[in-house]
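Commentary on secondary and tertiary structure
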Amino acid sequence: MKPLFQMNIRTALIAFLLVLAPVLSANAQDPRIQMGSLDHLAAKASQTVDVNIDERLMRIAAKVFSDKDEDEREVKKLVAGLKGVYVKSFEFESVGQYADTDVETIRTQLRAPGWTRLVNVTSKKEGMLEVYLLFNGDIVGGLAVLHTDDKELTVVNIVGPVDLDKLAKLEGQLGVPELGIESPKPKAKNDDEK
Amino acid sequence: MNDDYLWDKTGQPDPQIQQLEEILGTLRYQPKPLAIPNLAVPRRRNYFPLLAIAATVLLAILAGGIWLRMRPRNEVPKQQAKIVEPAAPKPEEKPVKPKSAVNQPVLATNRIHGKRSASSVLRKREREEALMAKEQLMLALRVTTQKLHLVHTKTSPATQIKNQHRIG
């Protein structure tokens, strides 16, 4: 009876591990960052940007990019291999509207194997800016940008092979000239002062 | 000696044979009802293999459930960008309206042809969806490039020298 009991337990354990293994491995190097935990911040935010474009929408969107327009052609090339673009950005009227735990839920995911922190910039004015890349061998499989400021929390997640050079070239071509690059609030203050 | 006695008990019997008959006669078959002793203990059925299989299936379902719970956040994202308190509409957006106006006559002609109208509505919907997706994509890329540019600005040597001067 005892060997039979042991055998069954072992069989059950192996079966369980076989079932669980793909689940765990699928989540080990997931280029998609789960941002659902930040949704509650929308109620507190004065401005929210929430973009969720999956692979299907990406393909659909690529169809309407004009080949005649140089800028759109560039964007089309850039997004051609991407599998998803997800952005959550919250701007708040006052300080301390989001908790450290909110940011930590994102950072925890970015500590997973495969993700590498490429840049980490901390400044009093702009807060903390972190750029992460997910490497699948030598190939970039995803990008994540985390910007935390006193009054802002932004998470950008691009799934798929990201060409950073191409992405950098887009700056100024997407209707965001220099004024959109820097944080808009200090500029507004300057304008008022003027 | 007559051998018939051994065959059909006729003739003169042999005394030795008779003696043997008396001795062995006690062991002769005596008809009586068969008594089955009530010693057989019903064997307990082993349900353990079944339980193990059930547990495995349950665990598999549980693991599948966990996986599905984790997966939907990947696979079924919201497909619309929402911007609370968006910036004032740009004057450039106004010329977009005539585009839909241009499409209206096409819709009207398609109503006459039933089969074609369905496909054209579908195409129109697809186009609307595509345009919406494009807008979202551009917005997302705008935010991304803003942030990357900010990083670039902060990490560029010029900024670092400037900061060093400030410290100095």
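Residues numbered from 1 in each chain as written. Chains lettered and ligands numbered in written order. Predicted model: local features only at pLDDT ≥ 70, side-chain atom pairs only at ≥ 80, totals over all residues.

1. Let's talk about the overall build of chain A
- Secondary structure assignment for chain A yields 7 helices and 6 strands.
- In chain A, the succession of helices and strands from N to C terminus is α-β-α-α-β-α-β-β-β-β-α-α-α.
- Partitioning the contacts of chain A with sequence separation of at least 6, the portion at a separation of at least 24 is 61%. (Helix = DSSP H or I, 4+ residues; strand = E, 2+ residues; numbered from the N terminus. Contact = placed C-beta atoms within 7 Å.)

2. Things to note about the overall build of chain B
- Secondary structure summary: chain B contains 7 helices and 1 strand in total.
- Overall, chain B shows an N-to-C arrangement of helices and strands of α-α-α-α-β-α-α-α.
- In chain B, which comprises 168 residues, the proportion classed as buried is 12%. (Buried ≥ 20, exposed ≤ 12 C-beta atoms within 10 Å, placed from the backbone.)

3. Thoughts on unusual backbone geometry
Residues and elements named next belong to chain B.
- Phi is positive for Lys 9, which is not a glycine, with a value near 60°.
- With respect to the helices and strands, the residue Lys 9 is situated in the loop between helix 1 (4-8) and helix 2 (15-25).
- With 9 C-beta atoms counted inside 10 Å, the residue Lys 9 sits in the exposed group.

4. Re the confidence of the model for chain B
Residue and element names in this part refer to chain B.
- Confidence in the prediction of chain B, expressed as mean pLDDT, is 72, and 60% of residues score 70 or more.
- Within chain B, helix 5 (residues 97-112) has the poorest average pLDDT of any element, 45, and helix 3 (residues 48-70) the best, 91.
- Taken together, the stretch residues 74-79 has pLDDT below 50 and engages in 7 contacts with residues farther than four places along the chain or on a different chain.
- Across residues 92-112, confidence stays below pLDDT 50; counting only partners more than four residues off in sequence or on other chains, it has 7 contacts.
- Reported for the predicted complex are a pTM of 0.55 and an ipTM of 0.71. (pLDDT = per-residue confidence, 0-100.)

5. Description of the pairing of strand 2 (residues 84-91) of chain A
Residue and element names in this part refer to chain A.
- Counting buried positions along strand 2 gives 8 out of 8 residues, so the element sits mostly inside the fold.
- Both faces of strand 2 are covered, namely the face carrying Gly 84, Tyr 86, Lys 88 and Phe 90 and the face carrying Val 85, Val 87, Ser 89 and Glu 91.
- Bridging between strand 1 (residues 47-54) and strand 2 involves 8 bridges; their strand directions are antiparallel. What sits directly across from Asp 54, in strand 2, is Gly 84.
- Inspection of the sheet shows strand 2 paired to strand 6 (residues 152-159) by 8 bridges, in the antiparallel sense. Residue pairing across strands places Tyr 86 opposite Asn 157, the latter belonging to strand 6. (Pairing = 2+ DSSP bridges.)

6. As for the pairing of strand 6 of chain A
- Taken across its 8 residues, strand 6 of chain A has 7 buried, putting it largely inside the fold.
- Hairpin connection between strand 5 (residues 139-149) of chain A and strand 6 of chain A: a loop of 2 residues separates the two successive antiparallel strands.

7. Here's the deal with the nonpolar core
- Residues Val 51, Ile 53, Val 85 and Val 87 of chain A together with Leu 137 and Ala 140 of chain B are the most contacted members of the largest nonpolar core, which totals 43 residues.
- Contributing elements (two or more residues each) for this core: strand 1, helix 2 (55-63), helix 3 (70-79), strand 2, strand 4 (127-136), strand 5 and strand 6 of chain A together with helix 6 (114-155) of chain B.
- Not counting chain neighbours up to four residues away, the residues in contact with Val 85 of chain A comprise Val 51, Ile 53 and Ile 158 of chain A together with Leu 137 and Ala 140 of chain B. (Core = buried A, V, L, I, M, F, W, Y, C linked by C-beta atoms within 7 Å.)

8. Quick notes on the confidence of the model for chain A
All names here are of chain A.
- Mean pLDDT over chain A: 79, with 75% of residues reaching 70 or higher.
- Per-element averaging of pLDDT across chain A places helix 6 (residues 178-181) at the bottom with 35 and strand 6 at the top with 94.
- Predicted confidence is poor over residues 175-194, with pLDDT under 50, and the contacts of this stretch with residues over four places away or in other chains come to 12 contacts.

9. As for the environment of Val 95 of chain A
All names here are of chain A.
- Among the secondary structure elements, Val 95 is positioned in the loop between strand 2 and helix 4 (100-110).
- C-alpha of Val 95 to C-alpha of Lys 151: the two residues are 56 residues apart in sequence and 5.3 Å apart in space.
- Filtering out sequence-adjacent residues up to four positions away, Val 95 remains in contact with Asp 150 and Lys 151.

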